[in-house]
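Spelled out, the chains give:
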Amino acid sequence: MASECDITRLAEILGRFQRDRAILIPLLQEVQAVCGYIPPEAIEPVANHAGVFPSEVTGVISFYAQFYTSPRGRNVIKVCRGTACHVRGGRTVLQTVMKCTGIKDGETSEDMRFSLETVACLGACALSPVMVANGRYYGMLNPGRIEAILKDLP
Ligand code: FES
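Quantities reported herein were computed from a predicted structural model and do not represent experimental measurements.

Engineer: Explanation requested: the nonpolar core in the structure shown.
Structural biologist: One broad rule of soluble globular proteins: the nonpolar side chains tend to lie buried together. Ranked by internal contacts, the top residues of the largest apolar core, which has 21 residues, are Leu 24, Leu 27, Leu 28, Val 31, Val 46, Val 57 and Ile 61. When contributions to this core are tallied by element, the ones reaching two or more residues are α1 (7–15), α2 (24–35), α3 (43–50) and α4 (54–63). The element that contributes the greatest number of residues to this core is α2, accounting for 5 residues. Apart from residues lying up to four places away in sequence, Ile 61 is in contact with Leu 28, Ile 38, Ile 43, Phe 67 and Thr 69. The next biggest cluster of nonpolar side chains, apart from the first, holds 15 residues, and it includes Val 79, Phe 114, Leu 116 and Tyr 138.

Engineer: What am I meant to see in the environment of Pro 40 here?
Structural biologist: Within the secondary structure, Pro 40 is located in the loop between α2 and α3. On the basis of relative accessibility, which here comes to 54%, the residue Pro 40 falls in the exposed class. With 30 residues separating them in the primary sequence, Pro 40 and Ser 70 have C-alpha atoms 8.6 Å apart.

Engineer: What's the story with the pairing of strand β1 (residues 75–80) in this structure? I'm lost.
Structural biologist: Regular strands place side chains that alternate from one sheet face to the opposite one. Burial runs high along β1: 5 of the 6 residues are buried. Relative to strand β2 (residues 114–119), β1 runs parallel, the two being bridged by 6 bridges. Bridge pairing links Cys 80 to Val 119 in β2. As paired strands, β1 and strand β3 (residues 131–133) are joined by 3 bridges and run antiparallel to one another. Residue pairing for β3: Ile 77 is matched across the bridge by Ala 133.

Engineer: How should I be thinking about the domain arrangement of the protein chain in this particular structure?
Structural biologist: For interface size, the figure often reported is the accessible area lost on association. By domain assignment, the protein chain separates into domain 1 (7–63) and domain 2 (75–152). Averaged C-alpha coordinates put domain 1 and domain 2 at centres separated by 30 Å.

Engineer: When you look at the pattern of salt bridges in this model, what are you seeing that I'm missing?
Structural biologist: Side-chain pairing between opposite charges can occur once the charged atoms of the two side chains come close. Per the counting criterion, the structure on display carries 5 salt bridges. Arg 21 is the partner of Glu 56 in a salt bridge, and the nearest nitrogen-oxygen pair spans 2.5 Å. Here Glu 56, found in helix α4, pairs with Arg 21, found in the loop between α1 and α2; they are 35 residues apart in sequence, far enough to count as distant. Put simply, Glu 117 and Arg 72 hold a salt bridge, and the shortest N to O gap is 3.1 Å. Of this pair, Glu 117 sits in strand β2 while Arg 72 sits in the loop between α4 and β1, and the two are 45 residues apart along the sequence. Arg 72 gets classed as partly exposed once you look at its relative accessible area, which sits at 27%. What you see here is one network of salt bridges that share partners, running through Glu 12, Arg 16 and Glu 30.

The rules behind the values
Residues numbered from 1 in each chain as written. Predicted model: local features only at pLDDT ≥ 70, side-chain atom pairs only at ≥ 80, totals over all residues. Heavy atoms only, no water. Core = buried A, V, L, I, M, F, W, Y, C linked by side-chain atoms within 4.5 Å. Buried < 20%, exposed > 50% of the residue type's maximum accessible area, 1.4 Å probe, protein only. Helix = DSSP H or I, 4+ residues; strand = E, 2+ residues; numbered from the N terminus. Contact = heavy atoms within 4.5 Å. Pairing = 2+ DSSP bridges. Domains from an automatic or database assignment. Salt bridge = Lys/Arg side-chain N within 4 Å of Asp/Glu carboxyl O.

Right, here's the structure in full:
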């Protein structure tokens, strides 16, 4: 898929950070905040700016789950696959989200409307089964509610 991040914005982002290896992670976070992911063409300029090898940048990106190397959908859905959610129907939540979005764990829909991820625990076990849509928590889910939530997303 073609990159959608304007490379001229990258220069502006780099200009806001000192030339120091200590800024590597905050710099990558800012690139992702602006672009939605870390575009491959950003790796070399980021490495040059931080004074590290490009391989170190790719190592950091692959180590931290927070970084994405491909564009994500407008709506990022995270479904919990932890134990508390599992025993309260988490599998049905995942199946319902997959049915409604047409994508599986780790995928983004072709129309870029949805990305789907599963997470070990969303930290809201008392509300299980739980999912998060664009940072907002939804608990005690059932298929009908999930369909309504997803339908309302842009
Ligand atoms: S197990 Fe699902 S929120 Fe903790």
